[in-house]
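These are the residues of each chain, in order.
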Amino acid sequence: MKNYYKYYALVLLICSFCVSFSIRSQPIIELDKTPAVTAGKYSLYFQESEQSKLSLAEAMEQFASTSPATGYSESISLGISVAPVWLKTRLLNASQGTDSFRISTETPWLDYIDAWIVHDGEVIEHVQGGDGVAFEQRPMPYRYFAFETNLPEGESVLYLRIETVGPMAIPLRISTTELAVKRDISSAYQYGFLYGIMLALALYNLILYFSVRLPEYGLYALYLIGFVVNSLSYTGQLHAWITPDFGPYFQDWLDIFLMITYSIAGLHFARLLLHTREYAPLLNKITIGITVVIPLGMLFGALSNNLTLALLLAFLLNTSFAMLFIVMGIQALKNNIAAAWLFLVCSVTAATCICISTSAVAGMLPYNGVTFKLIEIGMAFEAICLAFLLAQRFRSAEADKLAAEKSARIDSLTGLNNRRGFAHIAQPIWHQKIRTGRDISLVLIDIDHFKKINDDYGHAEGDAVLKTVATVLKEGVRKSDILARWGGEEFLLLLTDTAESEALQYAERLRSLIESAEVQCAAGTIRVTASLGVCGTQAGKLDDSLVGENDLESMINTADKALYKVKSAGRNQVSSANLLKTGYC
Ligand SMILES: Nc1nc2c(ncn2[C@@H]2O[C@H](COP(=O)(O)OP(=O)(O)OP(=O)(O)O)[C@@H](O)[C@H]2O)c(=O)[nH]1
């Protein structure tokens, strides 16, 4: 029993320590030692009851008589659409004489802010501002609430009353004016760099979109432009330039409108980039649904002037956006989509950066220049990765196009040019040779009794014969000759700088090569013969007259006629129209 007294004493000691800790005097910011600070942990705060708006005197009384809460982190965060809050922060200017300081709350959602500086019990300054106040009526031309004040030597107390329908996150920052200006300049460079990257990529992809008309490029550009404009609006630059006085809440509405614009563009871009519809139709439908339903809800919020509803939906869309990016990336990875890995890495990085920034403003993580700007850093990283993926896609689309064009000109069985491929290659050569009066000849080659081979050995063996003859021809012709599969078992050969007399010898050589070729199959060895019809110029002339630009077609017909005669005369021979005239075949 005696031992328990010891524990009681210890518990009492701890309790009294806690009580004394909680009622000990509020910490003071010694401005000579900490010339720039985010002051949440130095501030006391309480929230007004819904019914009454307190005066400064009443608030001072309440700070003195009750136990207001102490800030638990750099930024105090109390949720969305909460009751107005009062803050009290003690400031000590230890230098002799007055010094200039900047006091600011670095978030755009705070609508009405009153700030009082009290020194020796006297109000020496009262400043009003916030997002709900027209731009030119603000103490400084910033989106955030900010003002500069000369603090006299000794202790001054800063009182703030903040009222907002948006998120009550208060990153209260106090710094010397000199440091604040330095920070402004370095911020301008940092934002300029990040926005510069994103806008350059957006512009480039916009140009690509107008050139190739693929929606991915347009959506990607819209996504980036939407994000940058949203960021410019959120950080106040946009309003400083173009929308100084559209009244209370205009800026909040603009922010959330821009927020949904880039989220919608981003989600549709990701869907198309990863081809989500092809392997994850449900996810694709959910994504489309979200981009329709949430904006409709927000439109309802706008029509009924319910900013809180619209804000909540905008944050929901933004959260869904980050999560859907990751889910789409995982699905793409599962389905072996080439872009999936990089997409996943960059979307996870961006989502992490967004989380860190939001948590910093909400007071859950340290609030500083880096954590605050991590959203832009993450997005710039994501923008670069996505641009890289689009470039890869462009390259593979070009390769696919070339492959498709090539395969449209190639016969899939033999690998030779088809009629289209022949025309593509032969036309320009034909025109050039004709213009310069050089000789040119055509040889039409037809396998004899090919139907019988199909009938006797089957279609597959017939194909094997076609392939063998194609190979024999390919190996037997010169590099400058143009060979094509002209029809079922028919081949066409264009011989440049070759007169008809030479072409006949050439054709004879090919005939004999075909005759001696063998095709091995299950039923034994197949041998085939072919009939060849030739038509060519002699000393640059066809039938003693000059060859016209359009004579290719008629020369093929003449070769075909010669071939027909060979077939009639017993096959496995070579002939030309001229030989026919002289009765050779
Ligand atoms: N295996 C196979 N057969 C084909 C292909 N294309 C066409 N054929 C066949 O080739 C045969 C051509 O027959 P025909 O036009 O009567 O000519 P042929 O039997 O060679 O007789 P001649 O030309 O008079 O010697 C037809 O039976 C077609 O079905 C193909 O790609 N593969």
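This one's a predicted model, so the numbers in the text were calculated from it and none came from an experiment.

1. Some details on the overall build of the protein
On a plain count of helices and strands, the protein comes out with 17 helices and 22 strands. Here the protein holds 585 residues, and 38% of them are scored as buried. In the protein, of all internal contacts separated by at least 6 residues, the share reaching a separation of at least 24 is 73%.

2. Things to note about the packing of helix H4 (residues 215–234) against helix H6 (residues 250–274)
Put simply, H4 and H6 touch, their axes get as near as 8 Å, and they point 155 degrees apart. Comparing the axis directions of H4 and H6 gives the class roughly antiparallel. Our pair here, H4 against H6, has a crossing hand that is left-handed. Broken down by class, the residue content of the contact of H4 with H6 amounts to 16 nonpolar, seven polar and two charged.

3. Section: the UniProt feature "transmembrane region" (unreviewed entry) in the protein
Using the residue numbers shown here, the UniProt feature "transmembrane region" (unreviewed entry) corresponds to residues 188–210, 217–236, 256–274, 286–303, 309–328, 340–365 and 371–391. This span, residues 188–210, is 100% helix and 0% strand, and a straight line between its end C-alpha atoms measures 32 Å. Measuring from the first to the last C-alpha atom of residues 340–365 gives 31 Å, for a span that is 85% helix and 0% strand.

4. A word on the site of the ligand
Around the ligand, a shell composed of 15 residues is seen, among which Asp448, Phe450, Lys451, Gly462 and Gly488 lie nearest. Contributions of two or more residues to the shell around the ligand are made by strand E14 (440–447), helix H13 (450–457) and helix H14 (459–476). If you tally residues by element for the shell around the ligand, the top one is H14, at four residues.

5. A look at helix H12 (residues 419–435)
For H12, built from 17 residues, the straight-helix expectation of 24 Å at 1.5 Å per residue is met to within 8% by its first-to-last C-alpha distance of 23 Å. Where H12 bends most, the angle comes to about 35 degrees, and this point is Ala426, followed within four residues by the proline Pro428. Burial in H12 covers these residues: Gly421, Phe422, Trp430 and Ile434. Of the surrounding elements, those touching the buried residues of H12 are E14, strand E15 (482–485), strand E16 (490–496) and helix H16 (551–568). Just downstream of H12, Gly437 is the residue with a positive phi angle, here 70 degrees.

6. Some details on the sheet that holds strand E2 (residues 36–38)
Spatially, E2-E13-E7-E10 is the arrangement adopted by the four strands of the open sheet, whose pairing is antiparallel. On the outer flanks of this sheet lie E2 and strand E10 (145–151), each paired with one strand and no other. Geometrically, the sheet is characterised by an average inter-axis angle of 15 degrees between neighbouring strands, direction not taken into account. Pairing of strand E7 (residues 99–105) with strand E13 (residues 172–176), which is carried by five bridges, proceeds in the antiparallel orientation.

7. Details of the nonpolar core
Residues Met198, Tyr220, Tyr223, Leu224, Leu274, Ala314 and Phe343 are the most contacted members of the largest nonpolar core, which totals 92 residues. In terms of residue count, H6 provides more of this core than any other element does, 12 residues in total. Split by domain, the residues of this core number at least three in each of domain 1 (25–180) and domain 2 (188–405). Discounting chain neighbours no more than four positions away, the residues touching Tyr220 are Asn205, Phe269, Leu386 and Leu390. The next biggest cluster of nonpolar side chains, apart from the first, holds 39 residues, and it includes Val443, Ile447, Trp486 and Leu510.

8. Remarks on the packing of H6 against helix H9 (residues 307–334)
Running from N to C, H6 and H9 cross one another at 20 degrees; their axes reach a closest spacing of 10 Å. Here H6 lies roughly parallel to H9, going by the angle between them. Of the two possible hands of crossing, H6 and H9 adopt the one that is left-handed. Contacts between H6 and H9 pair Asp252, Ile256, Met259, Ile260, Ser263, Gly266, Leu267, Ala270 and Leu274 from the former with Leu307, Ala310, Leu311, Ala314, Leu317, Asn318, Phe321, Leu324, Phe325, Met328 and Ala332 from the latter.

9. Some words on the sheet that holds E16
Spatial ordering of the open sheet is given by E15-E16-E14-E19-E22, a layout of five strands whose pairing is mixed. Two strands close off the open sheet at either side, each with one partner strand: E15 and strand E22 (574–576). Sheet twist, expressed as the average angle between the axes of neighbouring strands with direction ignored, equals 20 degrees. Across the sheet, helix H15 (residues 500–516) is in contact with E14, E16, strand E19 (530–536) and E22; its angle to E19 comes to roughly 165 degrees. This element, H16, spans E14, E16, E19 and E22 of the sheet and lies at about 145 degrees to E19.

10. Re unusual backbone geometry
Its identity as a non-glycine residue notwithstanding, His275 has a phi of 55 degrees, on the positive side. Mapping His275 onto the fold places it in the loop between H6 and helix H7 (276–279). Using a count of 14 C-beta atoms within 10 Å as the deciding quantity, one classes His275 as partly exposed. With a phi angle near 75 degrees, Arg571 is a residue other than glycine that sits in the positive phi range. Looking at the element boundaries, Arg571 is found in the loop between H16 and E22. Its 15 C-beta neighbours within 10 Å are what place Arg571 among the partly exposed residues.

11. Focus: the pairing of E15
Residue alternation in E15 divides its side chains into two sets, Ile482 and Ala484 and Leu483 and Arg485, and both sets are buried. Pairing of E15 with E16 involves four bridges; the strand directions are antiparallel. Bridging from a neighbouring strand, Ile482 pairs with Leu494 of E16. Between E15 and E16, which pair antiparallel and follow one another directly, the connecting turn spans four residues.

12. Some remarks on H4
For H4, spanning 20 residues, the distance from its first C-alpha to its last is 28 Å, which sits close to the expected 28 Å at 1.5 Å a residue. Counting buried residues in H4 gives 16 out of 20 residues, a clear majority hidden from the surface.

13. Focus: the environment of Arg527
By the element assignment, Arg527 lies in the loop between strand E18 (524–526) and E19. Along the backbone, Arg527 and Val465 are 62 residues apart, and their C-alpha atoms lie at a distance of 8.4 Å.

Cut-off values and rules
- Residue positions are given per chain, counted from 1 along the sequence in the order it is written.
- Two thresholds apply to this predicted model, a pLDDT of at least 70 for residue-level local features and 80 or more for giving and counting side-chain atom pairs, whereas whole-chain, interface and lining totals are computed over all residues.
- Only runs of H or I of at least four residues qualify as helices and only runs of E of at least two qualify as strands under DSSP, and these elements are numbered from the N terminus.
- Once C-beta atoms are placed from the backbone, each residue is buried if 20 or more other C-beta atoms lie within 10 Å of its own, exposed if 12 or fewer, and partly exposed for counts between those two.
- C-beta atoms are placed from the backbone for every residue, and two residues are taken to be in contact when these atoms lie within 7 Å.
- The axes used here are C-alpha line fits, helices contributing only the stretch in contact, and every angle between their N-to-C directions lies in the interval 0 to 180 degrees.
- Roughly parallel covers angles under 35 degrees, roughly antiparallel covers those over 145, roughly perpendicular covers 65 to 115, and oblique covers all other angles.
- In this scheme, a crossing is called left-handed if the near helix is turned counterclockwise away from the far one by less than a right angle; it is called right-handed if the turn is clockwise.
- Gly is put with the polar residues, along with every residue not named as nonpolar or charged; the nonpolar set is Ala, Val, Leu, Ile, Met, Phe, Trp, Tyr, Cys and Pro, and the charged set is Asp, Glu, Lys and Arg.
- UniProt positions are given in the numbering used here, feature names are shortened, and annotations may be inferred rather than shown by experiment.
- We call a residue near a molecule or strand when the C-beta position, derived from backbone atoms, sits within 6 Å of it.
- Multiplying 1.5 Å by the helix residue count minus one yields the expected span of that helix.
- To obtain the bend at a residue, axes are fitted to the seven residues ending there and to the seven starting there, and the angle between these axes is taken.
- Pairing between two strands requires that DSSP report at least two bridges joining them.
- Note on terminology: a nonpolar core is any set of buried Ala, Val, Leu, Ile, Met, Phe, Trp, Tyr and Cys residues joined through C-beta atoms within 7 Å.
- Annotation comment: domain bounds sourced from an automatic or database domain assignment.

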